[in-house]
Amino acid sequence: MQDILRKFEERLERIFEDPVANLLDSHINPAVLADSLLEALEANLLESNDRFSIPNRYTLCLSPDTHTLFSVHEDEIRSSLSEWILENARRRNYLAPELVEIGFKADANLAGDNLVINASHSNILDTTHSLPANPQPPSFPEDAYLIFNEAHIPIDRPILNIGRRRDNQIVINERSVSRTHAQIRARDPHFLLIDLGSTTGTFVNGNQIRQAILQSGDVIMIGGTKLVYFEDAPGLPDETSAIKRVSAADDQERMN
């Protein structure tokens, strides 16, 4: 993950070395742009045959000055962004088209390096079943929560992101944890744990996974951090059993 981000940053930095770029007061940071693209991608996934399909159309809304810079380097930037999106889709085991469309749009309401990215599926009717007029949000266990650092964290949203980056819902500040490491996503009527192409992997009950339906009492390992998943009220016997399993695992690690 870090390797492809570094290559992406280096390529965009070479593009922006053009003298035109020096006329601007601010530039889009490649890492910020990469993070924004991934956020737009993750927020607009569609499930198909037990896998998730990424959007194939991305529109970058930019400040007028930044839009001018991007238009000068349009072909190179489109190519870099497309490669970044498709490489990350492959690493996360998402379904992806052969090509993605990248568009740029000037927005007078944006200034400096602010940007908004809209992602969509331009051929939904060609690749999926017809959607209901008013699609219902996915259902998920109402009492689900995680034990993390002795705290109970309710899972009360359809998507919960875990990683080292500060805007994740659960932030794990360890070098062994990727910036966007894993995701818990509602999948009727359960929660699904997804590894997001992390460098060190995501584990459930000692087994490395790409995707796994979570069951109450499952022990999740991300980097050196353990999280325990439950679907019942705090303090019930299942929780005690799971905590004992975590302690036993710690003891075994120390013995080894």
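Residues numbered from 1 in each chain as written. Predicted model: local features only at pLDDT ≥ 70, side-chain atom pairs only at ≥ 80, totals over all residues. Heavy atoms only, no water.

So, about the overall build of the protein chain. Secondary structure assignment for the protein chain yields six helices and 16 strands. Considering the protein chain as a whole, with its 256 residues, one finds that 42% of them fall into the buried category. Once local pairs closer than 6 in sequence are excluded, the contacts in the protein chain between residues at least 24 apart make up 59%. As presented, the protein chain carries roughly 13900 Å² of accessible surface, and 47% of it is formed by carbon and sulfur atoms. (Helix = DSSP H or I, 4+ residues; strand = E, 2+ residues; numbered from the N terminus. Buried < 20%, exposed > 50% of the residue type's maximum accessible area, 1.4 Å probe, protein only. Contact = heavy atoms within 4.5 Å. Areas by Shrake-Rupley, 256 points an atom, 1.4 Å probe, with all protein chains shown as cover.)

Now for the sheet that holds strand 4 (residues 101-106). Strands sit in the order 4-3-5 across an open sheet of three strands; the sheet is mixed. The outermost strands of the open sheet, each flanked by one partner alone, are strand 4 and strand 5 (115-120). The sheet shows a mean angle of 20° between the axes of neighbouring strands, direction not considered. The strands touched by helix 4 (residues 74-91) within the sheet are strand 3 (57-62) and strand 4, with strand 4 carrying the most contacts at an inclination of about 125°. (Pairing = 2+ DSSP bridges. Axes fitted to C-alpha atoms, helices over the stretch in contact; angles between N-to-C directions.)

This brings us to the sheet that holds strand 6 (residues 145-148). Strand order across the open sheet formed by six strands is 7-6-16-15-12-13, with antiparallel pairing between neighbours. The open sheet has two edge strands with one neighbour each: strand 7 (151-154) and strand 13 (207-209). Strand-to-strand twist in this sheet, taken as the mean axis angle between neighbours without regard to direction, amounts to 30°. Relative to strand 13, strand 12 (residues 202-204) runs antiparallel, the two sharing three bridges. By the bridge assignment, Phe203 is partnered in strand 13 with Gln208.

In the structure shown here, the tally under the stated rule is three aromatic pairs. Between the aromatic rings of Phe140 and Phe191, the centroid separation amounts to 5.0 Å while the plane-to-plane angle is 35°, which identifies the pairing as tilted. Residue Phe140 is located in the loop between helix 5 (124-127) and strand 6, and its partner Phe191 is located in strand 11 (residues 190-195); the two are separated by 51 residues in the primary sequence. For Phe140, a relative accessible area of 24% corresponds to the partly exposed category. Judged by relative accessible area, Phe191 falls into the buried class, the value being 0%. The ring of Phe52 carries Arg185 above its face, with NZ or CZ at 5.1 Å from the centroid. (Phe/Tyr/Trp six-rings, centres within 6.5 Å; stacked < 30°, edge-to-face > 60°. Lys NZ or Arg CZ within 6 Å of the ring centre and 35° of its normal.)

Within the protein chain, residue pLDDT values average 77, and 73% of them lie at 70 or more. Across the protein chain, element-level confidence peaks in strand 15 (residues 219-222) with a mean pLDDT of 97 and bottoms out in helix 5 with 40. Confidence over residues 16-26 falls short of pLDDT 50; this stretch has 15 contacts with residues more than four positions distant or in other chains. For residues 124-135, every residue scores under 50 in pLDDT, and the model assigns this stretch three contacts once sequence neighbours within four places are set aside. (pLDDT = per-residue confidence, 0-100.)

Attention now moves to the nonpolar core. Grouped together as the largest cluster of nonpolar side chains are 31 residues, with contacts concentrated most on Ile54, Tyr58, Leu60, Phe70, Ile85 and Tyr94. Listed by contribution, the elements that provide at least two residues to this core are helix 2 (30-43), strand 3, helix 3 (64-72), helix 4, strand 4, strand 5 and strand 11. The residues contacting Leu60, other than those within four sequence positions of it, are Leu33, Phe70, Leu81, Ile102, Gly103, Phe104, Lys105, Val116 and Ile117. Ranked by size, the runner-up nonpolar core spans 22 residues in total, among them Ile162, Ala182, Ala186 and Ile209. (Core = buried A, V, L, I, M, F, W, Y, C linked by side-chain atoms within 4.5 Å.)

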